[in-house]
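Per-entry structural report
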Amino acid sequence: MTRKTLEAWSPWVLLLAIVGLWQLVCSAFSVSEFIFPSPARIAEQMIEFRGVIAGHAWRTFWVTMAGFGIAIVVGVLLGFLIGSSRIAYTAFYPLMTGFNALPKAAFVPILVVWFGIGIGPAILTAFLISFFPITVNIATGLATLEPELEDVLRVLGANRWDVLTKVGLPRSMPYFFGSLKVAITLAFVGTTVSEMQAANEGIGYLLVSAGSAMQMGLAFAGLVVVGAMAMAMYEFFSVLEKRITGWAHRGSQAH
Amino acid sequence: MTAAFVDFRNVWLAYNDELLAQGQFAVEDISLQVAEGEFIAIVGPSGCGKSTFMKLATGLKMPSRGQIEIAGAPVRGPLKITGMAFQAPSLLPWRTTVHNVMLPLEIVEPYRSSFKQRRAEYEERARQLLRSVGLGGYEDKFPWQLSGGMQQRASICRALIHEPKMLLLDEPFGALDAFTREELWCTLRDLQAAQKFNVILVTHDLRESVFLADTVYVMSKSPGRMIVKRRIDLPRPRDLEITYTPEFTGIVHELRGHIGAMRGAGPAVGTRAGAAP
């Protein structure tokens, strides 16, 4: 096995090892499934409740995607605004940082008052938690333009829009895709947290109801599904990133 | 002498009003006249205002005092008849070399409005230009697949694609190794001989300035002033061999002397005595 194939398989090997160890510990000490269910038990529950889990997972998925979609639109526009003007950058940045430090779970009760129980709070929580990295990355990409290149363009009579579209935006694309990978995982956190407090559907709701019914296997199965969805989307954006902004990864790709 | 192509008359520049009030100028009392098609080089120590001079000559900065006329008209804003290249090639890594070279055509008039219709023609022109500097076969490579010297050639092509009347180069060969640098001298020499554009070359390298330029100006440091004007009467076309002749080394020596004196004695040396020999 070459080093490269080993590297490609290493995540799966590690996953298997962890699951194996987990199963071993649970079996060896006969841990109660109401405290800490074994992988086998989780799998069993997952198969038993596959219809229910799939329904909740689908709900969580599309709600997350809706929130994430809004996050992309708002994040890009805001990043565009902040990154293309020094004044806007200085004005917005402290406020944004302050906002980002607030726990988004604390917004859920407020959102419930405004939008009621259901998809409203979940979509908005996913959005609130995930737009920040997108904004920051777009703004950074736009703000880091070499002064020489700017001179080259300005002397030709380039206006700000030209500089932004010809140089700023393409340059910020790797930052943008990098931020999508971070943001999508955060969006799943937002949806799940919101669903736990204020929804009758979705993985978050499933976690809470399974927990209160002492169905730990089902609760863990829900966690596994959220994790798997987030990982899949992360990989998706990772592939997209390499496809579209391969020029920014030339170092790491030249194995 | 008829009207000069580039005409600086007692030009002073302070970067902002505060510095102006304090009388701190980046460049002071610069007067120079450059004929059409002339190749001038400006040499001097780091931070002597060479780059400021570039900004003035391209209209990116307006003088605090004095007048600048280029091509018979007072400078009022960025001058589209100029092309610029710097020490860093600053090519865009997501564009192929030929598309990097075409970038100015997407921005500057009259090419801009006809860019979509005449794209094929412009692309052919960019390829032609790249071939003429020895980059044939590399047009469709990305900049990061090229060596430093090749990137710099492409950067100069980008500065020339819109057929500017004046090319401004700010230490364009500073980051290259000695052999590549000499190759690029020849490339620049041939391009200028063929197209007859004006060149303002800012450099640290005295040999480079003497080899390439018709006139070399020496600038003093803070405040930036032109303290020496030296015509280089070596016959053209010049070959690299000429850099080993006594005349050539004599001129380099003489220029080195001016810079040495300036570094030793401070900026008071010379004042404008040498400005119009």
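Please read all numbers here as calculations on a predicted model, not as lab measurements. (Residues numbered from 1 in each chain as written. Chains lettered and ligands numbered in written order. Predicted model: local features only at pLDDT ≥ 70, side-chain atom pairs only at ≥ 80, totals over all residues.)

Describing the overall build of chain A
Our working rule: Helix numbering and strand numbering both begin at the N terminus, where a helix is a DSSP run of H or I of at least 4 residues and a strand a DSSP run of E of at least 2. Residue burial here comes from a neighbour count, namely the number of other C-beta atoms, placed from the backbone, that lie within 10 Å of the residue's own C-beta, with 20 or more meaning buried, 12 or fewer meaning exposed, and in between meaning partly exposed. Note on contacts: residues are paired as contacts if their backbone-placed C-beta atoms lie within 7 Å.
When helices and strands are counted, chain A shows eleven helices and zero strands. In sequence order, the secondary structure elements of chain A are arranged as α-α-α-α-α-α-α-α-α-α-α. For the C-alpha atoms alone, the extent of chain A along its principal axes is close to 75 × 60 × 30 Å. The burial tally for chain A puts 38% of its 255 residues in the buried class. Taking as baseline every contact in chain A between residues at least 6 positions apart, the subset at least 24 positions apart corresponds to 75%.

Overview of the packing of helix α6 (residues 148-160) of chain B against helix α7 (residues 178-195) of chain B
Residue and element names in this part refer to chain B. What counts is decided by this rule: What counts as an axis is a line fitted to C-alpha atoms, over the stretch in contact for a helix, and the angles between N-to-C directions run from 0 to 180 degrees. Reported orientations rely on four angle classes, namely roughly parallel under 35 degrees, roughly antiparallel over 145, roughly perpendicular from 65 to 115, and oblique for the rest. Put simply, a crossing is left-handed when the front helix is turned counterclockwise from the back one by less than a right angle, and right-handed when it is turned clockwise. As a working rule, the residues Ala, Val, Leu, Ile, Met, Phe, Trp, Tyr, Cys and Pro are called nonpolar, Asp, Glu, Lys and Arg charged, and the rest polar, with Gly in that last group.
Their axes nearest at 10 Å, the elements α6 and α7 cross at an angle of 20°. In terms of their interaxial angle, α6 and α7 are classed as roughly parallel. Where α6 crosses over α7, the handedness of that crossing is right-handed. Mapping the contact onto sequence places G149, Q152, R153, I156 and L160 in α6 and T180, E183, L184, T187, L188 and L191 in α7. Tallied by class, the residues present in the contact of α6 with α7 amount to five nonpolar, four polar and two charged.

A look at unusual backbone geometry
Cis geometry is adopted by the peptide bond preceding P110 of chain B, which originates at E109 of chain B and carries an omega value of 5°. One can find P110 of chain B in the loop between α3 (97-107) and α4 (111-114). With omega at -5°, the peptide bond leading from R236 of chain B into P237 of chain B counts as cis. Structurally, P237 of chain B can be placed in the loop between β10 (226-231) and α9 (246-265). With a phi close to 60°, M214 of chain A is a non-glycine residue in the positive phi region. Take M214 of chain A: it is sitting in the loop between α9 (203-212) and α10 (216-244).

Considerations on the interface of chain B and chain A
Taken together, the 20 residues of chain B in the interface contact 17 residues of chain A. For the side of chain B that touches chain A, the elements supplying multiple residues, two or more each, are β6 (82-86) and α3 of chain B. In terms of residue count, the dominant contributor to the side of chain B that touches chain A is α3 of chain B (four residues). Across the side of chain B that touches chain A, the residue classes break down as 15 nonpolar, three polar and two charged.

What about the packing of helix α3 (residues 50-83) of chain A against helix α4 (residues 86-101) of chain A?
Residues and elements named next belong to chain A. In contact at an axis separation of 6 Å, α3 and α4 are set at 125° when each is read in the N-to-C sense. Comparing the axis directions of α3 and α4 gives the class oblique. Residues L81, I82 and G83 of α3 pack against A88, Y89 and F92 of α4. Partitioning the contact of α3 with α4 into residue classes produces five nonpolar, one polar and no charged.

Description of the sheet that holds strand β9 (residues 215-219) of chain B
Residue and element names in this part refer to chain B. Defined as follows: Here, strands pair whenever DSSP counts at least two bridges between them.
The strand order β6-β7-β8-β3-β9-β10 describes an open sheet built from six strands, whose pairing is mixed. Because the sheet does not close on itself, it has two edges, and the strands there are β6 and β10. Adjacent strand axes in the sheet meet at a mean angle of 15° when their direction is disregarded. For β9 and β10, the ladder comprises five bridges, and the chain directions are antiparallel. Pairing of V216 across the sheet is with R230, part of β10.

Here we look at the environment of C157 of chain B
Residues and elements named next belong to chain B. Assignment of secondary structure puts C157 in helix α6. The class of C157 is buried, set by 28 C-beta atoms lying within 10 Å. In the structure, C157 is positioned 72 residues away from A85 in sequence and 9.1 Å away in space, judged by C-alpha atoms. Apart from the residues within four sequence positions on either side, C157 is in contact with V101, L129, L130 and V133.

A few points about the environment of A122 of chain A
All names here are of chain A. Inspection of the secondary structure assignment puts A122 in helix α6 (residues 119-143). Residue classification places A122 among the buried positions, given that 33 C-beta atoms sit within 10 Å. Linking A122 and S32, residues 90 residues apart in sequence, is a C-alpha distance of 33 Å. The residues contacting A122, other than those within four sequence positions of it, are V63, T191, S194, E195, A199 and G202.

Side note on the domain arrangement of chain A
Residue and element names in this part refer to chain A. Counted only if it meets this: Residue ranges assigned to each domain were obtained from an automatic or database domain assignment.
Here the domain parsing of chain A yields domain 1 (1-30) and domain 2 (33-250). One C-alpha centre belongs to domain 1, the other to domain 2; they are set 29 Å apart. In this assembly, five residues from domain 1 lie in contact with four residues from domain 2. Of the residues contributing to the side of domain 1 that touches domain 2, the split by class is three nonpolar, two polar and no charged.

Remarks on the sheet that holds strand β5 (residues 73-74) of chain B
In sheet architecture, strand pairing relies on hydrogen bonds along the backbone and comes in two forms, parallel and antiparallel. Residue and element names in this part refer to chain B. In spatial order, the strands read β2-β1-β4-β5; together these four strands make up an open sheet with antiparallel pairing. The open sheet has two edge strands, β2 (27-34) and β5, and neither has a second partner. Bridge count for strand β1 (residues 6-13) against β2 is five bridges, and the pairing is antiparallel. Within β2, the residue paired with D7 across the bridge is Q33. The sheet strands contacting helix α2 (residues 50-57) are β1, β2 and β4 (65-70), and the helix crosses β1 at an angle near 120°.

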